[in-house]
Amino acid sequence: MTVDITVTIGGEAGQGIQTVGDLLAQVCRKAGLYVIAINDFESRIRGGHSFVQIRISDHEISSPRYEIALLVALDRQTVLLHQDKVSEGGVILSGELFEDAEKPVIAVKFDKLAEEAGGKITANTVAAGGCLALLGAPFEFLKDILSSRFGAKDPSVLEKNIKAAELGYQAVAETEFKWSFTWEKGPEKGLLMNGSKAIALGALAADCRFASFYPMSPATEIIRNLTVMTEHIPFVVEQAEDEIAAVNMIIGAAFAGVRSMTATSGGGFCLMAEGLGLAGISEIPIVIVNAQRPGPATGLPTRTAQGDLLFVINAAQDEFPRFVFAPRNVSEAFHDTIRAFELSEKYQAPAIILTDQFFNDSVFLATGQVIAPSSVPRFIAADADLDDPENYHRFAFTESGVSPRALPCRGKAIVKSSGNEHLEDGHISEDKSNRTRMVDKRNAKIEAMTEEMSGPEEYFEDAEILLIGWGSSAGAIKEAVDLLRDKDIDAGCLTFSDIWPFPAEKAFAATGKAKKCVTVELNSTAQFKRLLRQQTGINCAGSILKYDGRPLFPQDIIEEIDRFL
Amino acid sequence: MLTKEDFFCDFENKWCPGCGNFQILDAMKEAFAEINLSPEKLLIVSGIGQAGKTPHFFKCNFFHGLHGRALPVATGAKIANHDLTVVVSTGDGDCYGEGGNHFISAIRRNIDITLLVHNNKVYGLTKGQASPTSDIGFHTKMQPHGVIAESFNPLTAALAFGAGFVARGFSGDKAHLNQLIQKAIAHKGFSMIDIMQPCVSFNSVNTHAWYKKRAYDPADEDHDTGDIDAATALSRKWGDRIPIGVFYQKESSSYTDRIHHLDAGPLIDFAYEKNRVQQLIDNG
């Protein structure tokens, strides 16, 4: 039997919805299943409505789905908001018999059983137990996960949670459920992580040692991961007074020789724009993560979007080379983060990692290898590497545009850097020929930087209709292609992760075989379509655009494809 | 033994003749020479303004960054390598205006750097607009009816924010300023010297002679630099007599002292350890 079902758990903020989601995802991973869990929440700490939607499958998956097999409702609102998505044979597992439920309800007294287990706070664990019982999972699986999750805490906490899970489990153990299946133990298909964690791990594997940040959803989770993980490895996290300080601090630390990063969302990135330019002109390697959310201004703080593409490529006044990466999945985010640090240092140019709330907050199974490199190449010149360290010029003209980079106070070479236009030695200059040469020097890097960029991933690239997307939308686009092909529609896709410098030749070659190109993007003005045309001359037939703040689902594409057939 | 000539740099100086910056530059070089801080061991970070150009007239490592942002750059550099001696050269507009938020936070962090604020109570580089420290009523081309806002008192503010080394210098008393700079660098933790200086082009009120007549060192009048209340009272003195010298000094652990990772040495000196990173990855 093929397993491919979606479980949605909904309730108020503060009811521990996310914990239920985490538990389920971990149990599924232990059982050798594939999972994707999206977290949907409002910008509030208590109340409102939030939900976790977990797709569970025995084959590789890359996107969430709309149809729900099991709706776990911790409140009435969840029933009202999600029951229309409950599929044929699906059920609602809820704390009481809501009379406006239009789908079959299995009522389990979550609160009462939680109190019996030792506290109302464990109601979410009761629900997790019930949920896994309906799906046919052995109770031991959940017990193991609970033990590793709560084991380190007060033993009574673990005891209460196991009891709660057991009561929930037993309450529905005998109930028939259409989507119940046989669970086996392992083998695990990969590590479970959200986009934020993948980036944090990538940063550590790139030997980043300093992060400065100002809290902003959905980027803060990256820094939280770094903070937790670096309790025992040398790493400094500093909460700056604002994003301007954050970016300038990492510039200072990188100037002094430590790989450094910051993470923010669009609003914070706006404040960092001048600092980005400073890194550009003073040729300092820094990595900035912009986890996109809908804007402008405060926009929708806890929602997702891909509206900052052209902004990050163009942010800061005037011109300077930079890298932009938009990872398509968590394994890639890990590797792209390593690449961002390495290439940023190799070319002495800032690098931006462009993600989004959906990617940062959703949990995926990393099916690619997540292996830390055995060594980290550094692109730094010591006195011994320099012909004449006492006459060192930080911005020496070279053919490649990359000047040997010495660090301050590490030898005889004296490092002079300026955000003003400068001479080779770092001193201010208004000389017109020097200005032209310095701009040319910085721009000279672009050719080699472009060579470093990968082209799009191709999937049925010679199809009639070629969907083109970038970043975290890649998963839904690829699954949409599969669904369309099942319906005998000749669709394929190209998805990009290396955005800037734009791999124009590779993009041009990849689009050559398709009859019609359509971009799929989470913004309202088809930014990637415009970029593609600007960089390659390719004119797409149109775009499928979504900008309601919610993640892209394959169904969103399928519903609009008729326009292009 | 170093001399100020060891910091000589032949880069053309574009300050106005008679600018107080020249004396500050000299005092800095003399102080660094006297404490035997060699050019390759010194990092000066600066922002934008005439004071921001100071490192260009030095032989030493420098980072001349954005307007108002010298303190965060200096903070980052110090975190990366706390063996560096980091001096920030900035002005009243750069530090107290554009960079005001960073001024507060650098003090709160007690990051072990030395802040030298060239305070001429006016914007020089942008040609004579009011600065945060301009006196109320001060006339400029942009404030033809006089400055409307009250003047910012950096020393009172620094004391209120909890700075551990608060001093005022005067460009016209180079030997005194030299001594202050040496004390500030020796201080463990954040140290600041607000340096009164004339602006020969745009401030005809607070001239060299004006300051010279008023400046006195409270150390000569038994000021207790460990007394925060006395220091605060001193910081409010302005008029016929203006105190210059150390107002307050109290050492406490600095930012980098408070980070346990850095007990073993500067952040830059650790080796990459693949196994520890892989362990974190595999721990899930």
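Not measured: the values here are computed from a predicted model. Once a new chain begins, its residue numbering starts again from 1 and follows that chain's sequence as written. All chains are assigned letters beginning with A, and all ligands numbers beginning with 1, in the order in which they are written. Side-chain atom pairs in this predicted model are given and counted only at pLDDT of 80 or more, local residue features only at pLDDT of at least 70, and totals for whole chains, interfaces and linings cover all residues.

Some points on the overall build of chain B
For the purposes of this entry, the term helix denotes a DSSP run of H or I that reaches at least four residues, the term strand denotes a run of E that reaches at least two, and both are numbered from the N terminus. For chain B, the helix and strand inventory stands at 9 helices and 9 strands. Between the two quantities, the radius of gyration covers C-alpha atoms and the globule rule is 2.2 Å times the number of residues to the power 0.38. Here the C-alpha radius of gyration of chain B, 20 Å, is about what a compact globule of 284 residues would show, namely 19 Å. Expressed along its principal axes, the backbone C-alpha trace of chain B runs to roughly 70 × 45 × 40 Å. Exposed residues have 12 or fewer other C-beta atoms within 10 Å of their own C-beta, buried residues have 20 or more, and partly exposed residues fall in between, where C-beta atoms are placed from the backbone. Considering chain B as a whole, with its 284 residues, one finds that 55% of them fall into the buried category. Two residues qualify as being in contact provided that their C-beta atoms, derived from the backbone, are within 7 Å of each other. Considering only contacts in chain B between residues 6 or more positions apart, those separated by 24 or more positions represent 71%.

A closer look at helix H8 (residues 228-235) of chain B
All names here are of chain B. Burial in H8 covers these residues: Ala-231, Leu-234 and Ser-235. Along the axis of H8, the buried residues cluster in a sector spanning 100°; they form a single face. Against helix H5 (154-161), strand E5 (165-170), strand E8 (242-243) and strand E9 (245-249) lie the buried residues of H8. Along the arc lie the directions from the helix axis toward the C-beta atoms.

What about the environment of Gln23(B)?
Residue and element names in this part refer to chain B. Summarising the element assignment, Gln-23 is placed in helix H1 (residues 21-34). Along the sequence, Gln-23 and Asn-178 sit 155 residues apart, while their C-alpha atoms lie 9.8 Å from each other. Gln-23 has contacts with Ser-171, Gly-172 and Lys-174, leaving out every residue within four places of it along the chain.

Quick look at the domain arrangement of chain A
A domain assignment, automatic or from a database, supplies the domain bounds used here. Entries for chain A in the domain assignment read domain 1 (4-172), domain 2 (192-366), domain 3 (380-452) and domain 4 (454-564). Taking the mean C-alpha position of each, domain 3 of chain A and domain 4 of chain A sit 40 Å from one another.

Section: the interface of chain B and chain A
Taken together, the 41 residues of chain B in the interface contact 53 residues of chain A. Secondary structure elements with two or more residues in the side of chain B that touches chain A: strand E2 (61-64), helix H2 (70-80), helix H4 (100-109) and helix H9 (274-282) of chain B. Along the lines of polarity and charge, the residues of the side of chain B that touches chain A split into 22 nonpolar, 13 polar and 6 charged. Summarising the sheet, strand E15 (residues 416-418) of chain A and E2(B) pair through 3 bridges and their orientation is parallel. Opposite Ser417(A), over in E2(B), you have Phe63(B) as the bridge partner. Polar here means any residue outside two lists: the nonpolar Ala, Val, Leu, Ile, Met, Phe, Trp, Tyr, Cys and Pro, and the charged Asp, Glu, Lys and Arg; Gly therefore counts as polar. For two strands to be treated as a pair, DSSP must find at least two bridges joining them.

Some details on the pairing of strand E21 (residues 542-545) of chain A
All names here are of chain A. As paired elements, strand E20 (residues 516-521) and E21 share 4 bridges and run parallel to each other. Bridge pairing in E21 links Thr-519 to Ser-543. Read from E20 through helix H18 (residues 527-536) to E21, the crossover connection turns out right-handed. By definition, the crossover connecting two strands over a helix is right-handed if that path, from the first strand to the second, turns clockwise as seen with the strands pointing away from the viewer.

Notes on the environment of Pro551(A)
Residue and element names in this part refer to chain A. Counting through the fold element by element, Pro-551 comes out in the loop between E21 and helix H19 (554-558). Pro-551 sits in the buried class, given 26 other C-beta atoms within 10 Å. Spatially, the C-alpha atoms of Pro-551 and Ala-476 are 9.1 Å apart, while their sequence positions differ by 75 residues. Leaving out residues up to four positions away in the same chain, Pro-551 has contacts with Ile-38, Pro-64, Thr-304 and Phe-358.

Side note on the sheet that holds E21(A)
All names here are of chain A. Spatially, 5 strands are ordered E16-E18-E17-E20-E21 in an open sheet, and the strand pairing comes out mixed. Each edge of the open sheet carries a strand with a single partner, namely strand E16 (457-459) and E21. With strand direction ignored, the average angle separating the axes of adjacent strands in the sheet is 20°. As paired strands, E16 and strand E18 (residues 491-496) are joined by 3 bridges and run antiparallel to one another. Paired with Glu-458 across the bridge in E18 is Leu-494. Each of strand E17 (465-470), E20 and E21 touches H18; the most contacted strand, E20, lies at about 135° to it. Interaxial angles span 0 to 180 degrees and are taken between N-to-C directions of axes, which are lines fitted to C-alpha atoms, for helices over the stretch in contact.

Topic: the nonpolar core
Joining buried Ala, Val, Leu, Ile, Met, Phe, Trp, Tyr and Cys residues through C-beta atoms within 7 Å gives a set, and that set is a nonpolar core. In terms of nonpolar packing, the biggest core is built from 252 residues, with Leu70(A), Cys131(A), Leu467(A), Ala77(B) and Val166(B) touching the most fellow members. At 11 residues, helix H9 (residues 243-256) of chain A tops the list of elements feeding residues into this core. Excluding anything up to four places from it in sequence, Leu467(A) contacts Ile477(A), Ala480(A), Val481(A), Ala491(A), Cys493(A), Val518(A), Val520(A) and Ile557(A). Ranked by size, the runner-up nonpolar core spans 6 residues in total, among them Tyr123(B), Ala130(B), Val147(B) and Phe202(B).

Focus: H9(B)
Listed as buried for H9(B) are Val277(B), Leu280(B) and Ile281(B). The buried residues of H9(B) all sit within an arc of 100° when viewed along its axis, so they share a single face. Residues of H9(B) that are exposed and point over 90 degrees away from its buried face: Asn275(B) and Asp282(B). Summarising the contacts, the buried residues of H9(B) are in contact with strand E7 (191-194), helix H7 (195-205) and helix H8 (220-229) of chain A.

Quick look at the sheet that holds strand E4 (residues 114-119) of chain B
Pairing is mixed across the open sheet formed by 8 strands, whose spatial order is E15(A)-E2(B)-E1(B)-E3(B)-E4(B)-E6(B)-E5(B)-E9(B). Of all the strands in the sheet, just E15 of chain A together with E9 of chain B have a single pairing partner and so form its edges. Strand-to-strand twist across the sheet, computed as the mean angle between neighbouring axes with direction ignored, equals 15°. Note: E5(B) against strand E6 (residues 191-196) of chain B, 6 bridges, orientation parallel. Paired with Phe165(B) across the strands is Ser191(B), a residue of E6(B).

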